[in-house]
Amino acid sequence: MMKRFWNWLKENKHAWLALYLPVYLIGFFWVESYVPADSNYWVSYTPLDDLIPFVEYFVIPYYLWYPFMVVTGLYLLFRDAPAFSRYMLAIAFGFTASIIFFALFPNGQNLRPATFERDNIFTRMMALIYAADTNTNVLPSIHVIGSALVVFALFDAKPLKGRRFVWLKVGSILLAILITLATVFVKQHSVLDIYAGLAACVPIYFLIYNKKMRAWTDKTFRKTATAA
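Below you will find a few notes about this structure. Each chain has its residues counted from 1, running along the sequence as written. With pLDDT at 70 or above as the cut-off, local features in this predicted model cover only qualifying residues; side-chain atom pairs require 80 or more to be listed or tallied, and sums for whole chains, interfaces and linings still use all residues. As a rule here, side-chain values cover all heavy atoms of the structure and leave hydrogens and water aside.

## As for the packing of aromatic side chains
When two rings of Phe, Tyr or Trp (its six-membered ring) have centres within 6.5 Å they constitute a pair, described as stacked for plane angles under 30 degrees, edge-to-face for angles over 60, and tilted for the intermediate range. Counted by the stated rule, this structure contains 18 aromatic pairs. With a centroid separation of 6.0 Å and an interplanar angle of 35°, the aromatic rings of Tyr-24 and Phe-28 are classed as tilted. Here Tyr-24 pairs with Phe-28, and both are found in helix α2 (residues 20-34), just four residues apart, close to one helical turn. Both residues of the pair, Tyr-24 and Phe-28, count as buried. On the basis of an interplanar angle of 25° and a centroid distance of 5.4 Å, the ring pair of Tyr-205 and Tyr-209 is categorised as stacked. Given a relative accessible area of 32%, Tyr-205 falls into the partly exposed group. Members of the aromatic cluster, each reached through a chain of ring pairs, are Tyr-20, Tyr-24, Phe-28, Phe-29, Trp-65, Tyr-66 and Phe-95. Only lysine NZ and arginine CZ atoms are considered, and such an atom sits over a ring when it is within 6 Å of the ring centre and within 35 degrees of the ring normal. Here Lys-169 stacks its cationic end above the ring of Phe-155, 5.3 Å away from the centre of that ring. The secondary structure listing takes helices from DSSP runs of H or I that are at least 4 residues long and strands from runs of E that are at least 2 residues long, numbered from the N terminus. Burial classification: accessible surface area is computed with a 1.4 Å probe over protein chains only, and a residue below 20% of its type maximum counts as buried, one above 50% as exposed, and the rest as partly exposed.

## Some points on the pattern of salt bridges
The salt bridge definition used is simple: a Lys or Arg side-chain nitrogen within 4 Å of an Asp or Glu carboxyl oxygen. Taken as a whole and judged by the stated rule, the model has six salt bridges. With its nearest N and O atoms 2.8 Å apart, the salt bridge here joins Arg-86 to Asp-156. Of the two residues, Arg-86 is situated in helix α4 (residues 81-104) and Asp-156 in helix α6 (residues 142-156); the sequence distance between them amounts to 70 residues. By the burial criterion, Arg-86 is buried, and Asp-156 matches it. In this structure, Arg-124 and Asp-119 form a salt bridge, with 3.0 Å as the shortest nitrogen-oxygen distance.

## Here we look at the layout of surface pockets
Counted as a void, the largest pocket has a volume near 720 Å³. A cavity here means a set of points on a 1 Å grid, drawn over the protein atoms and nothing else, where a 1.4 Å probe fits but cannot get out; a pocket is an open set with protein on both sides within 12 Å along at least five of seven lines, and a residue lines either one if it has an atom within 4 Å of a point. As for the largest pocket, its lining consists of 33 residues, and the residues nearest its centre are Tyr-24, Leu-25, Trp-65, Tyr-66 and Phe-95. Elements with a minimum of two residues in the lining of the largest pocket: α2, α3 (59-79), α4, α5 (121-132) and α6. It is α3 that provides the largest number of residues to the lining of the largest pocket, a total of eight residues. Grid points are joined across faces, edges and corners, and a volume is the space filled by probe spheres set on the points.

Spelled out as structure tokens, the structure:
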């Protein structure tokens, strides 16, 4: 089994790009400890934040960000090697740049409710998020960046070209918008973090999805993976 898996990795070198994920997790949890919740961080805030209520039901789309990114990655891993490589390179560039920015410019938000007005499954799910993820390192929003990168990747994937996949692409845009809205309705982010996340996606798109990068990734990772 291990030999077969190793042979598959040698034939599908784009899969090695997935090794960035543990690197990102290490970097993220390091910067979380580097900029703790009780540190002297710059506060991300706009007056619009005060007009946005806490709505615990938005925890569902907030959680959906994780399968949104993972399922997209797994699909591209086995169906479109060049698109997977561009997806992973975009993630590596965007997430790493965010971590570096967090370390150089410590920031956070003070928008979380002190207590929840209701006790239900949604507020309990939100409490888990609050416990696992501090209110620091919020600008730019990685949730926003990641959601946009999924949309870029799905529009980029060759197997998803054609009218019959329009529903999937439209659905990905709607889910990305819903996740983006969720970041402020569950009080994990300020509206300012959304602006910064969307702004960060512009250079990422032009860096990864330009003609030269497409040509290089198509040539380097042109073999489409097959099931092991």
